[in-house]
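Per-entry structural report
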2 protein chains.
Amino acid sequence: MVTLAEVAKHAGVSASTVSYVLSGKRSISTTTRQRVEESIRKLGYHPNAGARALASSRSNIIALMIPLRTDMYVPVMMEIAIAVAAGARTHGYDILLLTGEEGPDAVRRVTGSGLADAMILMDVELDDERLPLLRGTHQPSVLIGLPADTEGLTCVDLDFRATGALCVEHLARLGHRDIAVIGEAAAVYERHTGFAERTLDGLRTRARELELRLLHRPCEGGYDAMAVTLARIFDERPGTTGFVVQNESAVEPLLALLRQQGRAVPEDVSVVAVCPEEVATQASVRLTSVSVPAQEMGRRAVEQLVAKLDGRGSDEVVLLAPELTVRASSGPAPVRP
Amino acid sequence: MVTLAEVAKHAGVSASTVSYVLSGKRSISTTTRQRVEESIRKLGYHPNAGARALASSRSNIIALMIPLRTDMYVPVMMEIAIAVAAGARTHGYDILLLTGEEGPDAVRRVTGSGLADAMILMDVELDDERLPLLRGTHQPSVLIGLPADTEGLTCVDLDFRATGALCVEHLARLGHRDIAVIGEAAAVYERHTGFAERTLDGLRTRARELELRLLHRPCEGGYDAMAVTLARIFDERPGTTGFVVQNESAVEPLLALLRQQGRAVPEDVSVVAVCPEEVATQASVRLTSVSVPAQEMGRRAVEQLVAKLDGRGSDEVVLLAPELTVRASSGPAPVRP
DNA sequence: GGAGCCTGTCGAAGCGCTTCGACACGCTAT
DNA sequence: ATAGCGTGTCGAAGCGCTTCGACAGGCTCC
């Protein structure tokens, strides 16, 4: 293994000079710099991460906590994770992958050991038990998702409240008066996951303002669960003509069931989805949707974090504005006889 | 920040003793051990990862290279990644997440810098350009997936050849003679991704042995692409009664299209899928399937790797035996008039 | 009863890097 | 000419930990 000292000897300079060439923290003459750089190349030198971390107390690693549960909104999580990893690399950081399994302990471990310089947390609950720890440490962090109290925290998220409002407005404008919301699994609401509750809040508030009737039903996803949920909805509100779906694994079952029941989309019922773009465009009906900008969220989270690590930037809540794209699944409400 | 030295002073022992308590590499009397452990608890001591890595040249980190492409078989990848992360933790390792983006350079960087002690590679191509690097280094590694030449490598994968054979056999036993295979996107085959090609090979070989007609068509997934693909298939082989699908995002579209065309599943056509269990059970028809044991693969990969790191275990190819679960999507071939 | 052997502890020498202060040199400004 | 300054380089002191050899003390064994 090649060390800094060997590079220094090869280039005929001192170790500190090589270090300064690498870090750029002091000015180095062009000739020296070139000589050193050539030695580095020739010897195939890679700085040792551990030594670097020890000496500088910076690991150049960002910890990313992803949810352990693999049963919900998985593609979005994966997309965010990949965007985070790629974004971090462009700033010279690597990503340490932590699953939710360890819970708050992971935060302690990472903070205490200096394994990572900063953290990004996903799957944030409204009253997340990791938050006090984050507030209590000096380690920079960014949440993807919005807890109830954002005091002293930096968060990045889609504005789910506005998302909900947008969906309702779209349907209202088309003349729908009875709207059903097919949400995430009940467990998601029970955990008080921010995005789910906020969307619902946005939907309800706007529906009230526009004097629409709104029925919300959580749904596990999958064909069977959707069948039960849908039956209940039409049972309770036979006049339902508008659907808002926020559950990837319920989308296709819903469409199949409506088709099966002879309800045409968008002639008889309209469907608006909150989901990643690919789900909306690859569904059996091209869906009018508000897309969840997973990549953008991942990228922004990294940017915020890097800014903090560089001493720029401060606590801030970044809410991305939702955009509704009209496709083939929504149209004017049918005229009542 | 609490250091080893402070713990030592607090416990009234030397630093090395504390270190040996932590690592267990030398015997320590019970009384001393307890005293040290209490000091550790009281002071809230966490060993510094950088210092540890430097002194021991072990980082206790495993690098995991996941594919950058987010457009294919995503849930499986995510599930493997999470299983790997969880499994690694139980052995005291953390996971460094690398995206395919950097390509072979990532291998060099990680190996050279001592960032990680070992690597797990996903999304392995038959003739992967990272393999020479792995063979050339002394760093332990495990592939999830099977390249063409496994010499000197440790691999974990589902036996996709057997998987293909199993699907064909199942359909043959039910009397189907004309089988269509709906595969992954063409790009996956062009990259010579091991699992796709091996499945196909298994399908073809067994079909030949059983004298069945087999038609393979790659498919991008999504409703539109599936519609085109399906039309072509029935155009070319109108007598097709058996389908094998290896593409999560083509499953639901296929079922919807068949339904739409008035072809009943399983009365008129049978469908066998190669996909994760949840996809098979949540589809609009409960699918006969060979499930991809993502978690098992992740867990096994970690086990192999840890064995290597501990000096046990050797190069080995672990092929998990496929299991076909019969559900509602396959039945006897229709009797020809 | 001394040689030989565990057992448990300690001191010291690094691991490879960053960083601080020092300093030599060649400027410009007086 | 000389003080004063900026520029480029070096030496040395750690960063917090692991690990090796040493050794004290209490064994067993012949």
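Check the entry above for the structure.
Computed from a predicted model, the values in this text were never measured in an experiment.

Parameters and conventions
Residues numbered from 1 in each chain as written. Chains lettered and ligands numbered in written order. Predicted model: local features only at pLDDT ≥ 70, side-chain atom pairs only at ≥ 80, totals over all residues. Heavy atoms only, no water. Helix = DSSP H or I, 4+ residues; strand = E, 2+ residues; numbered from the N terminus. Buried < 20%, exposed > 50% of the residue type's maximum accessible area, 1.4 Å probe, protein only. Contact = heavy atoms within 4.5 Å. Areas by Shrake-Rupley, 256 points an atom, 1.4 Å probe, with all protein chains shown as cover. Buried area = accessible area lost by both parts, 1.4 Å probe. Salt bridge = Lys/Arg side-chain N within 4 Å of Asp/Glu carboxyl O. Polar contact = N/O pair within 3.5 Å; in protein donor to acceptor, adjacent residues only side chain to side chain. Nonpolar A, V, L, I, M, F, W, Y, C, P; charged D, E, K, R; others polar. Pairing = 2+ DSSP bridges. Near = heavy atom within 4 Å. Phe/Tyr/Trp six-rings, centres within 6.5 Å; stacked < 30°, edge-to-face > 60°. Lys NZ or Arg CZ within 6 Å of the ring centre and 35° of its normal. Least-squares fit on C-alpha atoms with pLDDT ≥ 70 in both. Core = buried A, V, L, I, M, F, W, Y, C linked by side-chain atoms within 4.5 Å. Axes fitted to C-alpha atoms, helices over the stretch in contact; angles between N-to-C directions.

The secondary structure content of chain A amounts to 14 helices and 12 strands. In terms of overall dimensions, chain A has a C-alpha envelope of 90 × 35 × 35 Å along the principal axes. Looking at the 337 residues of chain A, the share that counts as buried comes to 55%. Within chain A, residue pairs in contact and separated by at least 24 positions form 72% of the contacts whose partners lie at least 6 positions apart. By element, 49% of the accessible surface of chain A is carried by carbon and sulfur atoms, the whole surface being about 14,300 Å².

Take the interface of chain A and chain B next. When the parts of a complex come together, some accessible area is lost, and that lost area is often used as the size of the interface. Taken together, the contact between chain A and chain B spans 49 residues of the former and 49 residues of the latter. Ranking the residues of chain A by area buried against chain B places Met-78, Ile-82 and Leu-97 of chain A at the top, with a combined share of 14%. At the surface where chain A touches chain B, the tally comes to four salt bridges. Measuring nitrogen to oxygen at the nearest pair gives 3.4 Å for the salt bridge that ties Glu-102 of chain A to Arg-89 of chain B. Along the contact surface separating chain A from chain B lie 10 residue pairs in polar contact (both at pLDDT 80 or more). At the level of secondary structure, the elements contributing two or more residues to the side of chain A that touches chain B comprise α4 (49-56), β1 (61-66), α5 (74-90), β2 (94-99), α6 (104-113), α11 (223-236) and α12 (248-260) of chain A. Here the element with the most residues in the side of chain A that touches chain B is α5 of chain A; it accounts for 10 residues. Looking at the side of chain A that touches chain B, its residues break down into 26 nonpolar, 12 polar and 11 charged. Pairing analysis gives three bridges linking β2 of chain A to strand β2 (residues 94-99) of chain B, with the strands arranged antiparallel. In the sheet register, Leu-96 of chain A faces β2 of chain B, and the bridge partner there is Leu-96 of chain B.

On to the protein's contact with DNA strand D, then. Taken together, 26 residues sit near DNA strand D, with Thr-17 and Thr-32 of chain A together with Leu-4, Arg-26 and Tyr-45 of chain B positioned nearest. Atoms of DNA strand D within 4 Å of the protein: sugar and phosphate make up 54%, bases the balance. Taking Ser-14 of chain A, its main chain carries an N or O atom lying 2.9 Å from a phosphate oxygen of DNA strand D. Here Ser-19 of chain B contributes a side-chain N or O atom positioned 2.8 Å from a phosphate oxygen of DNA strand D. Looking at the surface near DNA strand D element by element, the count peaks at four residues for helix α4 (residues 49-56) of chain B. Within the surface near DNA strand D, the residues separate by chemical class into 11 nonpolar, 11 polar and four charged.

Here we take up the packing of aromatic side chains. Here the structure, examined in full by the defined rule, presents four aromatic pairs over all chains. Consider the rings of Phe-234 of chain B and Phe-243 of chain B, whose centres lie 5.8 Å apart with planes at 75°: the pair is edge-to-face. With relative accessibility at 9%, the residue Phe-234 of chain B sits in the buried group. Note that Arg-263 of chain A overlies the ring of Phe-234 of chain A, its terminal NZ or CZ placed 3.5 Å from the centroid.

Moving on, we get to the pairing of strand β5 (residues 155-158) of chain A. Residues and elements named next belong to chain A. Alternating residues of β5 divide into Cys-155 and Asp-157 and Val-156 and Leu-158, and every residue in both groups is buried. Where strand β4 (residues 141-144) meets β5, two bridges bridge the pair, whose relative direction is parallel. Each bridged residue has a counterpart across the sheet, and for Ile-144 the counterpart in β5 is Val-156.

A few words on the relation of the copies chain A and chain B. Relative to chain B, chain A is turned by 180° and slid 0.0 Å along the rotation axis, the superposed coordinates differing by an RMSD of 0.1 Å. Taken together, the rotation and translation relating the two chain copies correspond to the operation of a two-fold axis. With an isologous cut-off of 70% or more, the 100% of interface residues of chain A that recur at the interface of chain B puts this contact in the isologous class.

This part takes up the nonpolar core. Of all hydrophobic cores here, the largest spans 108 residues; its most connected members are Leu-64 and Ile-120 of chain A together with Leu-64 and Ile-120 of chain B. Among residues more than four places away in sequence, those in contact with Leu-64 of chain B are Ala-81, Val-84, Ile-95, Leu-96, Leu-97, Leu-98, Ile-120 and Met-122 of chain B.

What follows deals with the sheet that holds β5 of chain A. Pairing in this open sheet of 12 strands is mixed, and the strands run β11(A)-β5(A)-β4(A)-β3(A)-β1(A)-β2(A)-β2(B)-β1(B)-β3(B)-β4(B)-β5(B)-β11(B) from one edge to the other. Whereas interior strands pair on both sides, the edge strands pair on one side only; in this sheet they are β11 (317-320) of chain A together with β11 (317-320) of chain B. Averaged over all pairs of adjacent strands, the angle between strand axes in this sheet comes to 20°, irrespective of strand direction. Two elements, strand β1 (residues 61-66) of chain B and strand β3 (residues 118-121) of chain B, share four bridges in a ladder whose sense is parallel. Residue pairing for β3 of chain B: Met-65 of chain B is matched across the bridge by Leu-121 of chain B.

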